[in-house]
Amino acid sequence: MRSHVVLFGDSITEQSFKPNGWGSALANTYTRKVDVVVRGYGGYKSRWALFLLQTLLVGYTNPPVAVTIFFGANDAALLGRTSERQHVPVEEYKENLRKIVHHFKELSPAMLVVIIIPPPIDEEGRNEYARELSERTNEVTGVYAKQCIELAKELGVYSINLWSKMQETEGWQKKFLSDGLHLTAEGNAIVHEEVVRVFSEGGLDATQLASDYPHHSEIDPKNLEKSFQERSCTAGL
């Protein structure tokens, strides 16, 4: 079976295979080398994600070679506002992420685990979208982002700090976020770029991985059997 990576997260992951999405771009980067499996669940928070772990990859006989864990945008929803049912206290959020990381590492200690820190919040954009007081603030999301970074360092896994990186660009609010929370095409491009960078650093460089089956130019029409025997369907690692 071809190697696979899993994208596990909330709506920002679920929507990643839309046109110009970071998941579809990742699948294109690793085409014929590693399969990209999307496990995104819109509206989910880390507490609910724990209940998915045991059945998340039913049907796969081998563990993934890499996983992205992308929760927090919903956990950071404020109490007393419209999305308070999604709120998870920051201390619990950190521990939930710890359990998720441990679950994947138990499947395979060699697995490349990447925690993606939630993006910043454009409160004005959320107000316009929801037509009411924003249910999230950038300051509070920053508190959750800090916990992600600390946990990744503590566990020795990779992290991608979207919260900080996006805010380095002037006009990030409208450039990277479509409704103050979800990603524009440019926002998706940043996530794709960062995931590819971290995957490459972690030993999953697409340019160095073998493709499944031979390239059409390598097929000898006079000796088809030999052409396909030399390159099996096993791709990736």
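One can find the structure itself at the top, above this paragraph.
This report concerns the structure included in the present document.

Looking at the overall build of the protein chain
When you go through the protein chain residue by residue, the secondary structure sums to 10 helices and 5 strands. Taken against the 2.2 N^0.38 rule, which gives 18 Å for 237 residues, the C-alpha radius of gyration of the protein chain at 19 Å falls within 12% of a compact globule. Projecting the C-alpha coordinates of the protein chain onto the three principal axes gives extents of approximately 70 × 35 × 25 Å. Long-range pairs, those at least 24 residues apart, make up 75% of the contacts in the protein chain with a sequence separation of at least 6. Of the charged side chains in the protein chain, 25 are positive and 31 negative; the average position of the first set lies 3 Å away from that of the second.

Some remarks on the nonpolar core
In this structure, Trp-22 and Phe-199 are the most contacted members of the largest nonpolar core, which totals 32 residues. Of all elements in the fold, only strand E1 (4–9), helix H2 (22–29), strand E3 (66–70), strand E4 (112–117), helix H7 (162–166), helix H8 (172–176) and helix H9 (185–201) reach the threshold of two or more residues within this core. Apart from residues no more than four positions distant in its own chain, Phe-199 is found in contact with Val-5, Leu-26, Tyr-30, Ala-66, Thr-68, Leu-112, Val-114, Leu-204 and Asp-205. One finds Leu-52, Val-67, Phe-71 and Met-111 within the second-largest nonpolar core, a separate group that totals 29 residues.

A word on the pairing of E3
Most of E3 is tucked away: 5 of the 5 residues are buried. Residues of E3 alternate between two faces, with Ala-66, Thr-68 and Phe-70 on one and Val-67 and Ile-69 on the opposite face, all of them buried. Where E1 lies against E3, 5 bridges are found, and the strand directions are parallel. Directly across from Leu-7, in E3, lies its bridge partner Thr-68. Summarising the sheet, E3 and E4 pair through 4 bridges and their orientation is parallel. Within E4, the position partnered with Ala-66 by the bridge is Leu-112. As for the winding sense of the linkage, the β-α-β connection from E3 through helix H4 (residues 90–107) to E4 is right-handed.

Re the sheet that holds strand E2 (residues 35–40)
A sheet is described by the order of its strands in space; here 5 strands give the open sequence E2-E1-E3-E4-E5, paired in parallel fashion. Edge strands, defined here as strands with exactly one partner in the open sheet, are E2 and strand E5 (158–161). With strand direction ignored, the average angle separating the axes of adjacent strands in the sheet is 15°. With 6 bridges joining them, E1 and E2 adopt parallel strand pairing. Bridge pairing links Val-6 to Val-37 in E2. Here H4 sits on the sheet in contact with E1, E3 and E4, set at roughly 170° to E3.

A short note on the packing of aromatic side chains
Counted by the stated rule, this structure contains 8 aromatic pairs. An angle of 65° between the planes, with centres 6.2 Å apart, marks the rings of Tyr-30 and Phe-199 as edge-to-face. Residue Tyr-30 is located in the loop between H2 and E2, and its partner Phe-199 is located in helix H9; the two are separated by 169 residues in the primary sequence. Relative to Trp-48, the ring of Tyr-44 lies with its centre 5.7 Å away and its plane at 85°, an arrangement referred to as edge-to-face. Residue Tyr-44 is classed as partly exposed on the basis of its relative accessible area of 27%. Among the aromatic residues, those joined into a ring-pair cluster are Phe-8, Tyr-41, Tyr-44, Trp-48, Phe-71 and Phe-104.

So, unusual backbone geometry
Here Asn-20, not a glycine, exhibits a phi torsion of approximately 70°, which is positive. Summarising the element assignment, Asn-20 is placed in the loop between helix H1 (11–14) and H2. Take Asn-20: its relative accessible area is 58%, and that puts it in the exposed class. One non-glycine residue with positive phi stands out, namely Arg-32, at about 65°. Within the secondary structure, Arg-32 is located in the loop between H2 and E2.

The rules we used
Residues numbered from 1 in each chain as written. Predicted model: local features only at pLDDT ≥ 70, side-chain atom pairs only at ≥ 80, totals over all residues. Heavy atoms only, no water. Helix = DSSP H or I, 4+ residues; strand = E, 2+ residues; numbered from the N terminus. Rg over C-alpha atoms; globule rule 2.2 N^0.38 Å. Contact = heavy atoms within 4.5 Å. Lys, Arg positive; Asp, Glu negative; His and termini not counted. Charge placed at Lys NZ, Arg CZ, Asp CG, Glu CD. Core = buried A, V, L, I, M, F, W, Y, C linked by side-chain atoms within 4.5 Å. Buried < 20%, exposed > 50% of the residue type's maximum accessible area, 1.4 Å probe, protein only. Pairing = 2+ DSSP bridges. Right-handed = clockwise from strand over helix to strand, strands pointing away. Axes fitted to C-alpha atoms, helices over the stretch in contact; angles between N-to-C directions. Phe/Tyr/Trp six-rings, centres within 6.5 Å; stacked < 30°, edge-to-face > 60°.

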